[in-house]
Structures are given as C-alpha cells and as structure tokens.
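# Summary of structural features
Read off the chains here:
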Amino acid sequence: MTTDAVLDIRPAVLEPAAGRAPAPRRTARILVVDGEGIVRFGLRQLFASDPHLAVIGEAATPRDALVVADRCPPDLVILDVDLGRGGAAGVELARMLLERHRGVRILVLTGCRDREIMLSAVRLGVHGYVRKGADTNDILRAVHTLLRGESVFDSGGHSAPVSPDVPRDDRPPARAFGSAMLTERENQVLRLLAMGMSNREIGRTLVISEATVKFHVRNLRDKLDVRRRTEIVYTATRQGMV
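This write-up is about the structure you can find in this document. Computed from a predicted structure; not experimentally measured.

## Structural notes on the packing of helix H6 (residues 184-194) against helix H7 (residues 199-206)
Where H6 meets H7, the closest approach of the two axes is 10 Å, and the angle between their N-to-C directions is 130°. One element, H6, and the other, H7, form an angle in the oblique class. Considering how the two elements wind past one another, H6 and H7 form a crossing that is right-handed. Two secondary-structure elements touch here, H6 through Arg 185, Gln 188, Val 189, Leu 192 and Leu 193 and H7 through Ile 202, Thr 205 and Leu 206.

This is the structure we're talking about:
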C-alpha cells in the first residue's frame, strides 16, 4: 500500500471572461487498486500527464484499499475485481467502497473474463467497466466520463458512454420489469448481447437475418426505455433480467 503526501488539490482558477466569475475545476482524487505493481505504476504515469487528475494512493489488496480510501476519500476508484478468491474479493471491496463512501465512482479495469463476476459487479452498482489492454486514450476518456456523472461499459472491445439517466447504485431503478415482458426471441437476443456479440454474430447463432436482429434490439430499447444499444445490457442486468 502506498499513500502520497497530501497533494495540492486546490481549485484551478481560470482567467475570468468579461463580466463573468472564474470557473474553478477541482482536481479529481483517484485511488488505484490492482494486484500487479506494473499496472499501478502504468496508471500512475498515465494520469500524471493530466492536470485534472491526481492519484492519491494505490493498493494491492482490499484491506489496504479501504485504509487508503478512509484516510483520503477518493472521487474515483479504478479497481481490478480479480484480486484473488475467484473475484469475490474484488466485488466485495466494490460493495464496501460504495457503502462507506457515498458519491464515489468505481471504474472496473480488469482482464477478468468471468461473466458472472462482471454481472455481479454491475448489479452492485459500479459505474464503468473497461478491459485491460484498452488504449490509454480510451482509459482516460472513460475516467473523465465517469467523473462527469456518466457511465462507460466495454462491449466487444470498445467502450461507449451510458447517459446519467440510466439507473445507478445511488438511485434505485425507476421500474422493475422482469423477463416476462420480453418474448422468447427477445430474451435470446438479450442474452447474446450480454455476451458481447454483434448483430451479425447474433444472427448467425440464432439463424436469423441481421435485419431481424436489429428489429429485436430496437424492441429491447423500447421496452427497457433506453436510447442506446450499450444501455440495454446495463439496464437489464441491474434489473435482474440477465
């Protein structure tokens, strides 16, 4: 575990426009939790180039992460859920951080491919998921997206933002749907979407045309009351539908 000395996180004062008050922007406090030292080092180096981000600590274990977070509450935690014990430790850490630090944002950055672990993390209320190996610009973009109050979930190798009106941990789902509202085919498409398949791959798997897949995806968006394809799995997962 390492905790830095208190960093200068005073608001950065911008030159005021004519007749307008300065617009301060506070440096965001980031905690990096990963069992691999080289990953922690790499992320620290990456964020050092951004004047609006400050790594206030890093940890390799859940216990150390909680010590750092309690000592200097972060705005954002970058967490690898694969911290041992089959991922259970990482998911439990996410739960404790969300309970102990209201308002904290959690970005899961992991190489874990266990679908159940990732679904557990999403149901818990983490705000983003990006796979290890993603481009550094994508990671930075995801960090700033979460700090704006949005969410980012990697699907099939690329990340896309989810608008703030998608239910998150700090706000209960507006409605509880349940899979009964979906047709059998829509449930099949939903499960394949959750596996990260493209429309073409879903069509091949179900032996239907790509146009038919698009039709079912559009129906899923309408029934779940979301605007983007990337929001379908997130919303359905939070509501226990997948």
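## Looking at the packing of H6 against helix H8 (residues 210-224)
Viewed as axis vectors pointing N to C, H6 and H8 meet at an angle of 90°, and their least axial separation amounts to 10 Å. Classified by the angle their axes make, H6 and H8 are roughly perpendicular. In this structure, H6 uses Arg 185, Glu 186, Val 189, Leu 190 and Leu 193 to contact H8, whose residues at the interface are His 216, Val 217, Asn 219, Leu 220 and Lys 223. Of the residues contributing to the contact of H6 with H8, the split by class is five nonpolar, two polar and three charged.

## Some thoughts on the side chain of Thr 237
Summarising the element assignment, Thr 237 is placed in helix H9 (residues 229-238). When its relative accessible area of 1% is taken as the criterion, Thr 237 is described as buried.

## Topic: the environment of Thr 235
In this structure, Thr 235 sits in helix H9. Within the structure, the side chain of Thr 235 is placed 2.9 Å from the backbone oxygen of Glu 231, a separation counted as a polar contact.

## Some details on the pattern of salt bridges
Tallied over the full model, the rule gives 14 salt bridges. Between Arg 40 and Glu 58 there is a salt bridge whose closest N-O contact spans 3.0 Å. Within this pair, whereas Arg 40 is found in helix H1 (residues 37-48), its partner Glu 58 is found in strand S3 (residues 53-59), the two being separated by 18 residues in sequence. For the residue pair Arg 40 and Glu 58, the accessibility class agrees, reading buried in each case. A network of salt bridges, in which partner residues are shared, links Asp 34, Glu 36, Asp 80 and Lys 132.

The rules behind these values
- Residues numbered from 1 in each chain as written.
- Predicted model: local features only at pLDDT ≥ 70, side-chain atom pairs only at ≥ 80, totals over all residues.
- Heavy atoms only, no water.
- Axes fitted to C-alpha atoms, helices over the stretch in contact; angles between N-to-C directions.
- Helix = DSSP H or I, 4+ residues; strand = E, 2+ residues; numbered from the N terminus.
- Parallel < 35°, antiparallel > 145°, perpendicular 65-115°, else oblique.
- Left-handed = near helix turned anticlockwise from the far one by under 90°.
- Contact = heavy atoms within 4.5 Å.
- Nonpolar A, V, L, I, M, F, W, Y, C, P; charged D, E, K, R; others polar.
- Buried < 20%, exposed > 50% of the residue type's maximum accessible area, 1.4 Å probe, protein only.
- Polar contact = N/O pair within 3.5 Å; in protein donor to acceptor, adjacent residues only side chain to side chain.
- Salt bridge = Lys/Arg side-chain N within 4 Å of Asp/Glu carboxyl O.

Everything listed here is a matter of geometry and, on its own, says nothing about what the molecule does.
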